[in-house]
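Survey of secondary and tertiary structure
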Amino acid sequence: MTNVFDDPRITAVGLLFEVHAGLSTRFTAQLEEHGFSAVEFEVITRLARSPGNQLRMTDLAAQTSLSTSGVTRVVDRMERDGLLTRRACPNDRRSSYAVVTPKGMQQLDETLPGHLQMIEQWFTGQLDPQALDALLDGLRRIRDAVHPCATAGSTDVAPEQETAAGGTPRQ
């Protein structure tokens, strides 16, 4: 008789949770040394990787696991710390952008070398290049299925770049 708990689907999800928990524990300690919580680091990294180091608050919420009110609270806290600022959306008064400040970029720049070293040691360095490519492909497919808005706003041109180029800002 087969044991239902030997199902590879259960094993796959279980391994994913174990890996996430192990990496989170290691990353949290390193991030806290640099004054970031894991959520703050996710927020500032997503902003820094976006055009103009900014995203609409709604797109930031869509890219993270946070609700719009959760994003507002994190951005409020990071704004008080001088890491982010808000900027009004030029074509929609109901929207605003979260923008990384120079202080935020400096703190991120100080954090990244150690963080990248940990990623290499505990995650990507455990895989050969082909295995890493396959993992990234698989993770993107799964992410797109379960979280289709995960890249919302990340490929848009920054509003000031569009205006400077003579175009009209996108909605």
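The structure we're discussing is the one just above.
Figured I'd write up the structure that's included with this text. Residue indices follow the written sequence of each chain, beginning from 1 at its first position. This being a predicted model, a pLDDT of at least 70 is required before a residue's local features are given, and a value of 80 or more before pairs of side-chain atoms are given or counted; all residues contribute to the totals for chains, interfaces and linings. Side-chain metrics in this entry use all non-hydrogen atoms of the structure; hydrogen atoms and water are not considered.

Focus: the side chain of Ser95
Secondary structure elements are taken from DSSP: a helix is a run of H or I of four residues or more, a strand is a run of E of two residues or more, and numbering for both begins at the N terminus. By the element assignment, Ser95 lies in the loop between β2 (84–88) and β3 (96–100). Exposure classes here rest on a 1.4 Å probe applied to the protein chains alone. A residue is buried below 20% of its type maximum, exposed above 50%, and partly exposed in between. Given the relative accessible area of 16%, Ser95 is considered buried. A contact between two residues is defined here by any heavy atoms of the two lying within 4.5 Å. Leaving out residues up to four positions away in the same chain, Ser95 has contacts with Arg56, Ala88 and Cys89.

Details of the pairing of β3
Side chains on a regular strand alternate between the two faces of the sheet. Counting buried positions along β3 yields four of five residues, so the element is predominantly enclosed. Of the pairings in the sheet, the one linking strand β1 (residues 54–56) to β3 comprises three bridges and is antiparallel in character. Each residue of the ladder has a partner; that of Arg56, found in β3, is Tyr97. Where β2 and β3 come together, five bridges link them in antiparallel fashion. By the bridge assignment for β3, Ala88 is matched with Ser96. For two strands to be treated as a pair, DSSP must find no fewer than two bridges joining them.

A look at the environment of Arg87
Note that Arg87 resides in strand β2. For Arg87, a relative accessible area of 27% puts it in the partly exposed group. In this structure, the C-alpha to C-alpha distance between Arg87 and Met118, residues 31 residues apart in sequence, is 33 Å. Within polar-contact distance, the side chain of Arg87 engages the side chain of Gln54 at 2.9 Å. Residues adjacent in sequence count toward polar contacts only when both atoms are side-chain atoms; beyond that, a polar contact is any pair of N or O atoms within 3.5 Å, and within protein one must be able to donate a hydrogen and the other to accept it.

Some thoughts on the sheet that holds β1
Spatial strand order, β1-β3-β2: three strands in an open sheet with antiparallel pairing. Since the sheet does not close on itself, it has two edges, and those belong to β1 and β2, each with one partner. Averaged over all pairs of adjacent strands, the angle between their axes in this sheet comes to 25°, without regard to strand direction. Between N-to-C directions, angles span 0 to 180 degrees; the directions come from axes that are lines fitted to C-alpha atoms, helices contributing only their stretch in contact. Helix α2 (residues 38–48) rests against β1, β2 and β3 of the sheet, and its axis sits at about 95° to β3.

Considerations on unusual backbone geometry
Not every positive phi belongs to a glycine, and Asn53 is a case in point at roughly 55°. Of note, Asn53 is situated in the loop between α2 and β1. Since its relative accessible area comes to 24%, Asn53 is described here as partly exposed.

Let's talk about the environment of Gly114
With respect to the helices and strands, the residue Gly114 is situated in helix α5 (residues 102–122). Taking the C-alpha atoms as reference points, Gly114 and Leu31, separated by 83 residues in sequence, lie 9.0 Å from one another.

As for the nonpolar core
Grouping buried Ala, Val, Leu, Ile, Met, Phe, Trp, Tyr and Cys residues that are joined through side-chain atoms within 4.5 Å yields what is termed a nonpolar core. The biggest cluster of nonpolar side chains holds 19 residues, and the ones touching the most others in it are Ile44, Leu47, Leu60, Met78 and Leu84. Broken down by secondary-structure element, the contributors of at least two residues to this core are α2, α3 (57–63), α4 (68–80) and β3.

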